Amino acid sequence: FCLIIIITANAMIFLSFLKRGEFPALSENAGIAKFDFFIPGTSTIIILGILGIFVVFLDHRKRKNKTFIILTFIYVVLQFLTAVRFGLFLLILLLLSNYSKDKLKPAMTKRLLLFSFLLILFFIVIGNVRGGNIDKYLFFSGNGSYSGTENSLRNTEIIRYFGYSQRVMQKYIETFPAGYMKGNYTLSPILDLFQVPLLHKPGLSIYGYTATNIISYQYLDFGNLWPLAATIWSFLINQVFSIFVRTESNLLVSYAWGMSFICLTLSFYTYIQSYTFLFILFPLLIIMINLLGKISIKSRRGEEHDISNHSQL
C-alpha cells in the first residue's frame, strides 16, 4: 500500500512535468511553474509520498528493499526538480525523528553535524538552481540596503529565513491588536477540512519575506495569553515524546512524534496552519495503514494455524 502511494506520487509529479513541458527548477519562472499541476489535487497526492516513505522507513527490514530505495530516490530527485524545498525538508525531518530515542553519542553527534552541513548545502544548491532571487536582488540593491552580488544573496538566504521571521513577528505585534485572529490559525486544519477560509487573514512582509514564527501566530490567536498557549503546546509535545520513548514499535505514536518533531524544528517560521495534511490527512492514512497491517498479521497467523493443523493431521 505504501509503495503504491509512492509510485502514485512519482507519477503525478512526472505527469505535471509533461504537461508543463519542462522542469520547474530549470524554468525561467520557477515560482509559477512549480504550481502548474497535472490535475486539481495533484499537490495533495504528491505530498502523500512523504508518508509512504516514512512508514516503510520505520521497518528496519523493509527499508532495505531495493524497490523501496529506488522509488524513494526517484521521489527525492523529482521533488528536487519541482523546486519545492518544503516537501523535502518535511520528509527529512520525519525520518530524523525516528532517531530521537537514541542517546547522543560522539559518533551520532558527528553524523548529525555532517548531515546538518549537507542539509545547508542542499538548501543553497536548490536556491541557486531554482532561480527567483533576481527580483529580491533588484529590490535590495535598488533601495540601497544591499551592495553585494546576486550569488551572495542566494547563498545567504537561509540566514534571512531565521532573521526576518523575528522582524516580521515584531511588525505583527506592533500592527495588530492582541487576539486579532481569535484562534483561527490554531483551528485552521479543521477549517481547511470544511473549506472555511481564515477570517481577516493579515499579511505582512519585510523585503518580500512573509514567514514569521510561532509566537506571532499564538499572539494573534490568543492575545496576551500567548505564553499560556505556548506552555500548553510545549506540554503536549513533551507528552508525545515521553510516550514515544517508552513505546517499542508503534506506528501511530511514531507518527505523532514525527509530527511534533517537525513543529518544533520549523517553529522559527511557521505554525499549525501550514500543516493541515500533517494533522488531518496523514493521521487518517496512518490509521488506515495501521488497520491494514493488523488485518495482514491476522491473515498470516490464520494461514500459519491452518498449516499447523494440516501438519498435525
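This text gives an overview of the structure that appears in the document. All of these numbers come straight from a predicted model, not from anything done at the bench.

**Quick look at the packing of helix α5 (residues 85-97) against helix α13 (residues 251-265)**
Their axes nearest at 8 Å, the elements α5 and α13 cross at an angle of 120°. Considered as vectors, α5 and α13 are oriented oblique to each other. Here α5 runs over α13; the crossing is right-handed. Residues Leu90, Leu93, Leu94, Leu96 and Ser97 of α5 touch α13, and the partners they reach there are Trp257, Gly258, Met259, Phe261, Ile262 and Thr265. Each residue belonging to the contact of α5 with α13 can be placed in one class, and the counts come to eight nonpolar, three polar and no charged.

**Observations concerning the side chain of Thr212**
Counting through the fold element by element, Thr212 comes out in the loop between α10 (184-193) and α11 (214-222). Its relative accessible area of 1% is what places Thr212 among the buried residues. Residues within four places of Thr212 in sequence aside, it is in contact with Ser165, Val168, Met169, Tyr172, Tyr217, Phe268, Tyr269 and Thr270.

**Some remarks on the environment of Ala229**
Position of Ala229 among the secondary structure elements: in helix α12 (residues 226-246). Each C-alpha atom, one on Ala229 and one on Gln218, is 6.9 Å from the other, the two residues being 11 residues apart in sequence. Apart from residues lying up to four places away in sequence, Ala229 is in contact with Gln218 and Phe222.

**Concerning the environment of Met181**
Relative to the assigned elements, Met181 resides in the loop between α9 (157-175) and α10. Residue class for Met181 comes out buried when judged on its relative accessible area of 2%. Spatially, the C-alpha atoms of Met181 and Phe222 are 8.0 Å apart, while their sequence positions differ by 41 residues. If we skip the residues at most four places from it in the chain, Met181 touches Leu198, Leu199, His200, Lys201, Pro202, Leu220 and Asp221.

**Describing α12**
With 21 residues, α12 extends 30 Å from end C-alpha to end C-alpha; this agrees with the ideal 30 Å at 1.5 Å per step. All of the buried residues along α12 are Ala229, Trp233, Ile237 and Phe244. For α12, the buried positions fall inside an angular range of 65° around the axis, keeping them on one side.

**Quick look at unusual backbone geometry**
Despite not being glycine, Lys182 has its phi angle at roughly 50°, a positive value. If you trace the backbone, Lys182 turns up in the loop between α9 and α10. Residue classification places Lys182 among the exposed positions, given a relative accessible area of 72%.

So, how was this worked out
Residues numbered from 1 in each chain as written. Predicted model: local features only at pLDDT ≥ 70, side-chain atom pairs only at ≥ 80, totals over all residues. Heavy atoms only, no water. Axes fitted to C-alpha atoms, helices over the stretch in contact; angles between N-to-C directions. Helix = DSSP H or I, 4+ residues; strand = E, 2+ residues; numbered from the N terminus. Parallel < 35°, antiparallel > 145°, perpendicular 65-115°, else oblique. Left-handed = near helix turned anticlockwise from the far one by under 90°. Contact = heavy atoms within 4.5 Å. Nonpolar A, V, L, I, M, F, W, Y, C, P; charged D, E, K, R; others polar. Buried < 20%, exposed > 50% of the residue type's maximum accessible area, 1.4 Å probe, protein only. Expected span 1.5 Å × (residues − 1). Arc of directions from axis to C-beta.

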